[in-house]
Amino acid sequence: MDYIDPHIHMVSRTTDDYATLSRMGCVAMSEPAFWAGYDRGSVDGFRDYFRQLTETEPARAAQFGIQHFTWLCINAKEAENVSLSREVIAMIPEFLDRPNVLGIGEIGLNKNTKNEATVFLEHVDLAVQHDQSILIHTPHLEDKFQGTKMILDMLCDDQRIDRGRVLVDHVEEHTISEVLDRGFWAGMTLYPVTKCTPERAADMVERTGGERLLVNSAGDWGPSKPTAVPDFIFEMRRRGHSEALIRKVVYENPVAFFSQSKHFQFAPRS
Amino acid sequence: MTAGESHPQRTADAVLEESFLQLRAKLLEIGATLDRLDRCGGAGELSGANSQKRALLDQALEIVGSEQPDRAERLQQLFSREYQQDWRQKFGIGSD
């Protein structure tokens, strides 16, 4: 089955991973800007990273018939440096017209601090000013519940936000309902230990019906599995779900959400 | 069952049968890990923070063994910090 991985960090993955993903049915992916594992020291470091996301990765992906899209921001882990964050936010518009840029992301919170909230709101303002879709990172583990509610509070306070153009990622059992009930899209991340398994993701699809719901691997430089979305597909099939429902979650929903971005010029496989 | 709920016709027997060995293995892992803790002195040897974590695990096991639904969501809530409704005032960030 053709599928789209809506959240994967291919700058951290090998070319062999691109080949494997292609053979597993991945036809497109979107790569949100992410923390490198260390704090970058200057706005030029981010400028180089954004070139990698908008030039190098699309070319690597194309070798394997995969369409690569991306989202730009300074990650919440680096938001404690507010002055650098503001320099990066001011520089991002240089890249918004690149042909694979879908919007602003993954913005959000990490430890739910004041500086993170400040930088998050400035990113949201940037997105609104430039008519961009938004991809949201929600915090990990014990911070997820508080952080997700803070993010939803901030988004719902802003009357300019079109909730249908916001994807709130890394939802789990205790956050998915509020995200969907408030009118946002939700993403489930298949991480081996710290987030969601394919089995629990299938449970959440069964409980919600799969509307406005996406599933991703968030494959990166840490413990993660870039082929996690096919694992989810197999789990859904094992339970007897229809190909139509599976395709909706792993293909049609990403296409519907991404299509709101003017640069999503997707060419389905004929 | 919620309004959006949708799943193929699978019987409780089928779900249990396909899950039994995995559940058995996971329960054995829990039992063996708690035994390992005991062999290292048990709960009495744990520092303050880890003692709280151990107590959380006991509460989690109670949730797993309870008859009420939504066990996964209740486990997530147990392992979450409580939502601070006054976070805006604390941070000096107002709502529009």
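- Per an unreviewed UniProt entry, chain A goes by the name Metal-dependent hydrolase and belongs to Roseiconus nitratireducens.
- Regarding chain A, the relevant UniProt record gives this comment under Sequence similarities (unreviewed entry): "Belongs to the metallo-dependent hydrolases superfamily."

## Concerning the interface of chain B and chain A
Right, on to step 1. The interface of chain B with chain A comprises 25 residues on the first partner and 29 residues on the second.
Right, on to step 2. For the pairing of chain B and chain A, the buried interface totals around 2,500 Å² over both sides, and the portion due to carbon and sulfur atoms is 49%.
Right, on to step 3. Three residues, Arg81, Tyr83 and Phe91 of chain B, lead the burial of chain B against chain A; their summed loss comes to 24% of the area buried on that side.
Right, on to step 4. At the boundary of chain B and chain A, one finds six salt bridges.
Right, on to step 5. Across the salt bridge formed by Glu206 of chain A and Arg10 of chain B, the nearest N and O atoms sit 3.9 Å from each other.
Right, on to step 6. Here chain B is connected to chain A by 11 residue pairs in polar contact (both at pLDDT 80 or more).
Right, on to step 7. If you tally residues by element for the side of chain B that touches chain A, the top one is helix α3 (residues 71-78) of chain B, at four residues.

## Remarks on a nonpolar patch on the surface
All names here are of chain B.
Right, on to step 1. A cluster of nonpolar residues, Leu16, Phe20, Leu21, Leu23, Leu27, Ile30 and Leu61, forms a patch on the protein surface that exposes about 670 Å² of accessible area.
Right, on to step 2. The element that contributes the greatest number of residues to the nonpolar patch is helix α1 (residues 12-39), accounting for six residues.
Right, on to step 3. Inspection of the secondary structure puts Ile30 in helix α1.

## Some details on unusual backbone geometry
Right, on to step 1. Along the chain, Gly105 of chain A connects to Glu106 of chain A via a cis peptide bond; the corresponding omega equals -10°.
Right, on to step 2. For Glu106 of chain A, the position within the fold is in strand β4 (residues 101-108).
Right, on to step 3. The phi torsion at Asn112 of chain A lies on the positive side, around 65°, for a residue other than glycine.
Right, on to step 4. A positive phi angle, close to 55°, is found at Asp70 of chain B, a residue other than glycine.
Right, on to step 5. Counting through the fold element by element, Asp70 of chain B comes out in the loop between α2 (48-65) and α3.
Right, on to step 6. According to the relative accessible area criterion, Asp70 of chain B is partly exposed, its value standing at 32%.

## Structural notes on the pairing of strand β8 (residues 213-216) of chain A
Residues and elements named next belong to chain A.
Right, on to step 1. Neither face of β8 is exposed, since Leu213 and Val215 on one face and Leu214 and Asn216 on the opposite face are all buried.
Right, on to step 2. In the sheet, strand β7 (residues 185-189) pairs with β8 via four bridges, with the strands oriented parallel. Paired with Met188 across the strands is Val215, a residue of β8.
Right, on to step 3. One crossover worth recording links β7 to the parallel β8 by way of helix α7 (residues 198-208), and it is right-handed.

Conventions we followed
- Residues numbered from 1 in each chain as written.
- Chains lettered and ligands numbered in written order.
- Predicted model: local features only at pLDDT ≥ 70, side-chain atom pairs only at ≥ 80, totals over all residues.
- Heavy atoms only, no water.
- UniProt positions renumbered as here; feature names shortened; annotations may be inferred.
- Contact = heavy atoms within 4.5 Å.
- Buried area = accessible area lost by both parts, 1.4 Å probe.
- Salt bridge = Lys/Arg side-chain N within 4 Å of Asp/Glu carboxyl O.
- Polar contact = N/O pair within 3.5 Å; in protein donor to acceptor, adjacent residues only side chain to side chain.
- Helix = DSSP H or I, 4+ residues; strand = E, 2+ residues; numbered from the N terminus.
- Patch = residues over 30% accessible without salt bridge, like charges linked within 9 Å, V, L, I, M, F, W, Y side chains within 5 Å.
- Areas by Shrake-Rupley, 256 points an atom, 1.4 Å probe, with all protein chains shown as cover.
- Buried < 20%, exposed > 50% of the residue type's maximum accessible area, 1.4 Å probe, protein only.
- Pairing = 2+ DSSP bridges.
- Right-handed = clockwise from strand over helix to strand, strands pointing away.

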